[in-house]
Amino acid sequence: MCGIVAYIGYREACPIIIKGLRRLEYRGYDSAGIALLNGALNVYKKKGKVKELETFIAEKDTHATIGMGHTRWATHGEPNDTNAHPHYSTSERIAIIHNGIIENYAALKTHLQQQGHVFHSETDTEVFVNLIEEIQKQNQCTLEEAVRLALHEVVGAYAIVVLSRDEPNQLIAARKGSPLVIGIGQDEFFLASDATPIIEYTSDVVYVNDHEIAVIRNGKLDIRTREDIQQTPYIQKLELELDSIEKGGYEHFMLKEIFEQPKSILDSMRGRLELEAGHLNMGGIRSYEQKFVNAQRIIIVACGTSWHAGLVAEYLLEDLARIPVEVEYASEFRYRNPIITERDIVIAISQSGETADTLAAIELAKSKGATIFGICNVVGSSIARATDAGAYTHAGPEIGVASTKAFTAQVTVLTLLAMIVGHKRGTLSEPKLRELMVELSNIPTKVEQALALNTEIEQISEIFKDATNFLYLGRGYNFPVALEGALKLKEISYIHAEGYPAAEMKHGPIALIDENMPVVVIATKDSSYEKVVSNIQEVKARKGRIIAITTEGDTVIPQMAEFVIEVPATSEVLMPLVSVIPLQLLSYHIAVLRGCNVDQPRNLAKSVTVE
Ligand code: F6R
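What comes next concerns the included structure.

How each quantity is defined
- Residues numbered from 1 in each chain as written.
- Predicted model: local features only at pLDDT ≥ 70, side-chain atom pairs only at ≥ 80, totals over all residues.
- Heavy atoms only, no water.
- Buried < 20%, exposed > 50% of the residue type's maximum accessible area, 1.4 Å probe, protein only.
- Helix = DSSP H or I, 4+ residues; strand = E, 2+ residues; numbered from the N terminus.
- Pairing = 2+ DSSP bridges.
- Right-handed = clockwise from strand over helix to strand, strands pointing away.
- Salt bridge = Lys/Arg side-chain N within 4 Å of Asp/Glu carboxyl O.
- Contact = heavy atoms within 4.5 Å.
- Axes fitted to C-alpha atoms, helices over the stretch in contact; angles between N-to-C directions.
- Core = buried A, V, L, I, M, F, W, Y, C linked by side-chain atoms within 4.5 Å.
- Phe/Tyr/Trp six-rings, centres within 6.5 Å; stacked < 30°, edge-to-face > 60°.
- Lys NZ or Arg CZ within 6 Å of the ring centre and 35° of its normal.
- Near = heavy atom within 4 Å.
- Polar contact = N/O pair within 3.5 Å; in protein donor to acceptor, adjacent residues only side chain to side chain.
- Nonpolar A, V, L, I, M, F, W, Y, C, P; charged D, E, K, R; others polar.

### Let's talk about the pairing of strand 25 (residues 518-523)
Here comes step 1: For strand 25, the buried fraction is high: 6 of the 6 residues fall into the buried class.
Here comes step 2: Taking every second residue as pointing to the same face, both faces of strand 25 are buried, with Pro518, Val520 and Ile522 on one and Val519, Val521 and Ala523 on the other.
Here comes step 3: In terms of strand pairing, strand 23 (residues 469-474) meets strand 25 through 3 bridges, oriented parallel. Looking at strand 25, one finds that Leu473 is bridged to Val521.
Here comes step 4: You can see the chain leave strand 25, run along helix 17 (residues 529-541) and come back into strand 26 (residues 545-551), and the turn it takes is right-handed.

### So, the pattern of salt bridges
Here comes step 1: Inspection of every chain in the model, using the stated rule, returns 32 salt bridges.
Here comes step 2: For the salt bridge of Glu200 with Arg23, the shortest nitrogen-to-oxygen distance reads 2.6 Å. Residue Glu200 is located in the loop between strand 10 (189-192) and strand 11 (204-207), and its partner Arg23 is located in helix 1 (residues 13-24); the two are separated by 177 residues in the primary sequence.
Here comes step 3: Residue Glu200 is classed as partly exposed on the basis of its relative accessible area, which comes to 29%.
Here comes step 4: One salt bridge in this structure joins Asp166 and Arg93, with 2.9 Å as the shortest N-O distance. Here Arg93 lies in the loop between strand 5 (87-88) and strand 6 (94-102) and Asp166 lies in the loop between strand 7 (156-164) and strand 8 (170-176), a separation of 73 residues in the sequence.
Here comes step 5: Asp166 sits in the partly exposed class, given a relative accessible area of 43%.
Here comes step 6: Assessed through its relative accessible area of 33%, Arg93 is described here as partly exposed.
Here comes step 7: Salt bridges linked by common partners bring Glu144, Glu145, Arg148, Arg217, Asp222, Arg224 and Asp228 together as one network.

### Brief notes about the sheet that holds strand 9 (residues 181-184)
Here comes step 1: Here 8 strands make up an open sheet; going across it, the order is 3-2-4-1-10-9-11-15 and the pairing antiparallel. Across the chains shown, the open sheet's two edge strands, defined by having one partner strand only, are strand 3 (40-47) and strand 15 (236-237).
Here comes step 2: Taken together, the 4 bridges between strand 1 (residues 3-8) and strand 10 define a ladder with antiparallel strand orientation. The partner of Ile8 across the bridge, within strand 10, is Phe189.
Here comes step 3: Sitting on the sheet, helix 1 is in contact with strand 1, strand 2 (31-38), strand 4 (66-72) and strand 10, with an inclination near 160 degrees to strand 1.
Here comes step 4: Running at roughly 130 degrees to strand 3, helix 2 (residues 50-57) makes contact with strand 2, strand 3 and strand 4 of the sheet.

### Regarding the nonpolar core
Generally speaking, a soluble globular protein has its nonpolar side chains buried in company with each other.
Here comes step 1: Counting residues in each nonpolar core, the largest one holds 92 residues, and the members touching the most others are Ile347, Phe373, Phe470 and Tyr472.
Here comes step 2: If we ignore the near neighbours within four places in the chain, the residues touching Ile347 are Phe292, Ile298, Ile299, Ile300, Val301, Leu317, Phe373, Ile375, Leu414 and Leu417.
Here comes step 3: Of all hydrophobic cores here, the second largest spans 30 residues; its members include Leu53, Ile57, Val205 and Phe253.

### Concerning the packing of aromatic side chains
Here comes step 1: If you walk through the whole model with that rule in mind, you get 10 aromatic pairs.
Here comes step 2: When the ring of Phe464 is compared with that of Phe470, the centres are 6.1 Å apart and the planes differ by 65 degrees; the resulting orientation is edge-to-face.
Here comes step 3: Residue Phe464 is classed as buried on the basis of its relative accessible area of 3%.
Here comes step 4: Pairwise contacts between aromatic rings join Phe464, Phe470, Tyr472 and Phe563 into one cluster.
Here comes step 5: Across from the ring centre of Phe56, 4.7 Å away, lies the NZ or CZ of Lys46, which sits over that ring.
Here comes step 6: Above the plane of the ring of Phe56 lies Lys60, whose end atom (NZ or CZ) is 4.6 Å from the centre.

### Regarding the site of the ligand
Here comes step 1: Looking at the ligand, there are 15 residues lining it, with Ser306, Ser350, Ser352, Thr355 and Glu491 nearest.
Here comes step 2: Note that an oxygen atom of the ligand is positioned 3.0 Å from one of the backbone N or O atoms of Thr305.
Here comes step 3: Ser352 has a polar side-chain atom sitting 2.6 Å from an oxygen atom of the ligand.
Here comes step 4: If you list the elements that add at least two residues to the shell around the ligand, you get helix 9 (304-321) and helix 16 (478-493).
Here comes step 5: A breakdown of the residues in the shell around the ligand according to their chemical character gives 5 nonpolar, 8 polar and 2 charged.

### Description of the sheet that holds strand 20 (residues 344-350)
Here comes step 1: The parallel open sheet is built from 5 strands, whose spatial order is 19-18-20-21-22. Strands at the two margins of the open sheet, each flanked by one partner only, are strand 19 (325-329) and strand 22 (389-392). With direction set aside, neighbouring strand axes in the sheet form an average angle of 20 degrees.
Here comes step 2: Across 5 bridges, strand 18 (residues 297-302) lies against strand 20 in parallel orientation. In the sheet register, Val301 faces strand 20, and the bridge partner there is Ala348.
Here comes step 3: Contacts between helix 9 and the sheet are confined to strand 18, strand 19 and strand 20, with strand 19 contributing the most and set at about 175 degrees to the helix.
Here comes step 4: Each of strand 20, strand 21 (371-376) and strand 22 is contacted by helix 13 (residues 405-425), which is oriented at about 160 degrees to strand 20, the strand it contacts most.

Written out as structure tokens, the structure is:
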């Protein structure tokens, strides 16, 4: 949700910033802009993608060794050139880029207008930069001091970078609630919302903490708290590979990420599932094992696809570990008055580790004394740092906005967690544990087999690409998969789709079914198979067009469904890892055939850092 990038050093800043913005474009892509400091402080910005900005600046003077850029996902004000960042202060001596939301911007704006500040955009960010200017004027202080004082006045979330024409060899950044990473090179520094724009220059990074201000001046990095207490920067080594953030010959990141799943699932099990030794390990729960064993309840908080992974976990934890589980939308949970005790464990699931609602849900649960366990993909992310303990998913960077490999990696980690806790609690017997371990270790191969259905699914997509509605049905472990299949389709192809528990269909959605309605039914061989077969009959009787996901060798459903996609058999509890694959491919191909921008669907952003 907005990407920020900045450079200060000895190289040309502009190409570094533009390349960085392209890497961050997944975070927002409705407009982009750049500010370059070289005697003058020049701001160039354009509605649209980074490539429109590149065309716009092609003829401009972009020579500078200090600069910053922004790619926007609109919150305040429609996407246009004026609302794009960077924003100047009224005097145009200071410029800012900002990721986040300033909640008290309206009151601040009124006050600043009274002081003579002039606003051109509808953004909260322009208020922020004018506040800094006003404070500097009132206090006759340095930019650093003015930024510090301004941070005490703004309410909300931010990662900002500020440049001033009057203090030309310096770059100031600060964060609260929105991510900010600093890459440390030889006599140069790179700042960004995540490490992807940094990795090709340096692997030494510092993650800025909430309420910290970073000042880079004369080749030195100084980090202080908002209260002006100097901090020792903690330099970490990035483990990111450059290859992992490029398309590697695939037409889209989403397709690459779908095909990476055998590996990302395996990576998420690596070191945790030791088949030969018959061990399961998860470093993150070691010191909290007893808490899990004694937990009276587990509450899962997440959003979107991660919430669907949480629903799978509800089935897993109740089945295998016999702990009551509640799965909550983080955005609802945080504004309820939920009953949470010290014996509760809250599991927060997030690919990006930056989702504002999930972060706020964690803070609420923490304040009530619960133990917080995080499952994140992005190392060092805000959620990973806000939790008491946790496990990373090791899916590698997910760049396509629609989440695919993160989902299966989350389900893999949650499965391992449920197995470990179930075993410790004595609710999962040794032979059953062993059987599941073997089956889980076979999942990457089964996912590979499901991926081999790609061409077949592309042909089916051709037939349904012009549909206006889709219904997805599943029961038990396949119910969250139905929700996930529907979400994937709507977010990238803009076809309305609904996921439903198959048996609930007759309580409403059945009224929608006619000869034009494609109904995807996940009908693999499991404990509710017979019931799902009956649901298929109900759809067929109303002439719905059935696309069934079945287990290999099923001879019953092919007699009823118009299209059958066969996936390999596996244990019921592991089936979501396999049955979701054809649904990801179906949505991908339909979106491509409809000419949609698969990796950057309209109105969406990869990490939702605003509530
Ligand atoms: C769907 C999708 C979103 C995210 C949601 C949560 O494909 O990507 O629904 O799952 O915004 O994001 P994270 O997992 O980063 O907290």
